Each structure stands twice: as C-alpha cells, then as structure tokens.
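Observations on the model geometry
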Amino acid sequence: MTTETVLSIFLGIGLAASVGFRVFLPLFALSLAAYFNVWELNESWAWIGSTTAIITLGVATLVEIIAYYIPLIDNVLDSIAIPLATIAGTAVMVSTVTDLSPVITWALAIIAGGGTAAAIKSTTSTTRLGSTVSTAGIANPLVSTIETGTSVVMSIVSIFLPILAIVLVLLLFYLIFKVYKKLKPKRRKST
C-alpha cells in the first residue's frame, strides 16, 4: 500500500467524521478541494469537483447550517441526518480512496466511512436531544455552533493534514467512549 493510498484513507475517515457533525459541509469542502486540485478523487467521483457540484453543495451547506439554528427543526433534522450521514460518510470515503480494489474500497467506505459518520452523528443527535430536554432548547444554538465549528475544523484538517485528522478521529472516539461509560447505568452485582 502506497503512502498516497494511506493518506487517502485518512482523508476519507476524517471527512466521514466531519460528516457526523454536518452532512453537507465536508462534501462541500471536498468539492472545493477537488476543484482547486488539492486532492484528486477517483475517476468516477471527479464530478464532485465540478462547478455545479460546488454550487449545489454550497447551497445545501448553508441551508443545513441555518436550519440547525431553528428550534424544533434542528431535532427533526437530527432524526433524518443519521441515515444521511451514513450515506455521505460512505460517499466521501469511496470518493477519496485510491489504488485499492473496488471490493476493498467499498468495504472500507461502508465500515470506516459510513460507520464513523453514523457513530458521531448518533452522538451529536443525542447531545442535542439532551440539550433540548435539559434547557428547553435554549442551549441548542450553542450545540449547533460547536458542531458546525468542529465540522469545519475536521474538514480543513482532513484535507490539508490527513495524518492529524486520523489522530483527531481517534480522539473523538475516545471521548465518545468515555462519555458513554460515564452515562451508562452501572449494573448492580447480584448477591
């Protein structure tokens, strides 16, 4: 496996993690990166770097970001965003991975890309639901801002520093695991 292949996998996983925070923003960032020749995509996914794709994904990104600031709409978006994030995570992964057989590429895309996006999106959806319940939605704009900011940072880092991106993804999973362990009810030992 070449260095370029490994970096393309790291890019895909980093962008998939970013998709877990905002579905369209990492796709838009990837579209810009392809358009400006920062990253070369698989031949069948080269259309992502087209002007039409940039405009479409840019508009979708703006609509998504704004919609997450509208009370109740943010929670509705979370309910449909988990399957969308899984699909988008798979798509960014398959579009970026180079020099692997299609079977390995798709397996990586589904497991690493879709799985990463779904895991993070599930966590962010749970966070927003907790915010809605505990603050009557007052803190939801703060949650949305943090999610959008994290998606921007993860997208930029993934495109320009994919090795750091994979480290950040591992850190995110560690934090998710720690929060899960803390919130998980403890079982009582039977005597």
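Look a little higher up for the structure.
Residues numbered from 1 in each chain as written. Predicted model: local features only at pLDDT ≥ 70, side-chain atom pairs only at ≥ 80, totals over all residues. Heavy atoms only, no water.

**Comments concerning the side chain of Ser125**
Formally: In this description a helix means any DSSP run of H or I spanning at least four residues, a strand means any run of E spanning at least two, and both kinds are numbered starting from the N terminus. The contact criterion used is simple: two residues touch if any of their non-hydrogen atoms lie within 4.5 Å.
Turning to its location among the elements, Ser125 is positioned in helix α5 (residues 102-135). Aside from chain neighbours lying at most four places away, what touches Ser125 is Asp78 and Ile82.

**So, unusual backbone geometry**
Here is the rule we go by: Only protein chains enter the area calculation, which uses a 1.4 Å probe; residues under 20% of their type maximum are buried, those over 50% are exposed, and those in between are partly exposed.
The backbone of Asn37 shows a phi angle near 60 degrees, a positive value even though the residue is not glycine. Examined against the element boundaries, Asn37 turns out to sit in the loop between α2 (24-35) and α3 (51-67). Judged by relative accessible area, which is 69%, Asn37 ranks as exposed. For Leu72, which is not glycine, the phi dihedral falls at a positive 75 degrees. With respect to the helices and strands, Leu72 occurs in the loop between α3 and α4 (73-96).

**A word on helix α1 (residues 3-19)**
The line we're drawing: A helix is expected to span 1.5 Å multiplied by its residue count minus one.
With 17 residues, α1 should reach 24 Å at 1.5 Å per residue; the first-to-last C-alpha distance of 24 Å fits that figure. Here α1 lies mainly inside the structure; twelve of its 17 residues are buried. Residues of α1 that are buried include every one of Thr5, Ser8, Ile9, Leu11, Gly12, Ile13, Gly14, Leu15, Ala16, Ala17, Ser18 and Val19, and no others.

**Some details on the nonpolar core**
Selection criterion: Within this scheme, the nonpolar core is defined by two criteria: the residues are buried Ala, Val, Leu, Ile, Met, Phe, Trp, Tyr or Cys, and they are joined through side-chain atoms within 4.5 Å.
Core analysis: the biggest nonpolar cluster contains 37 residues, and Ile13, Val19, Val92, Met93 and Ile159 have the highest contact counts within it. Elements supplying a minimum of two residues to this core: α1, α2, α4, α5, α6 (140-160) and α7 (162-183). Residues contacting Val92, with those up to four places away along its chain left out, are Gly12, Leu15, Ala16, Val19, Leu27 and Leu30.

**A word on the side chain of Thr90**
In plain terms, the rule: Any N or O atom pair separated by 3.5 Å or less is treated as a polar contact, with the protein-specific requirement of one donor-capable and one acceptor-capable atom, and with residues adjacent in sequence counted only for side-chain atom pairs.
Mapped onto the fold, Thr90 is located in helix α4. A residue is classified by how much of its surface remains accessible, and Thr90, at 11% relative accessible area, is buried. Here Thr86 takes part through its backbone oxygen, which lies 2.9 Å from a polar atom of the side chain of Thr90. Leaving out residues up to four positions away in the same chain, Thr90 has contacts with Trp106, Ala109, Ile110, Gly113 and Gly114.

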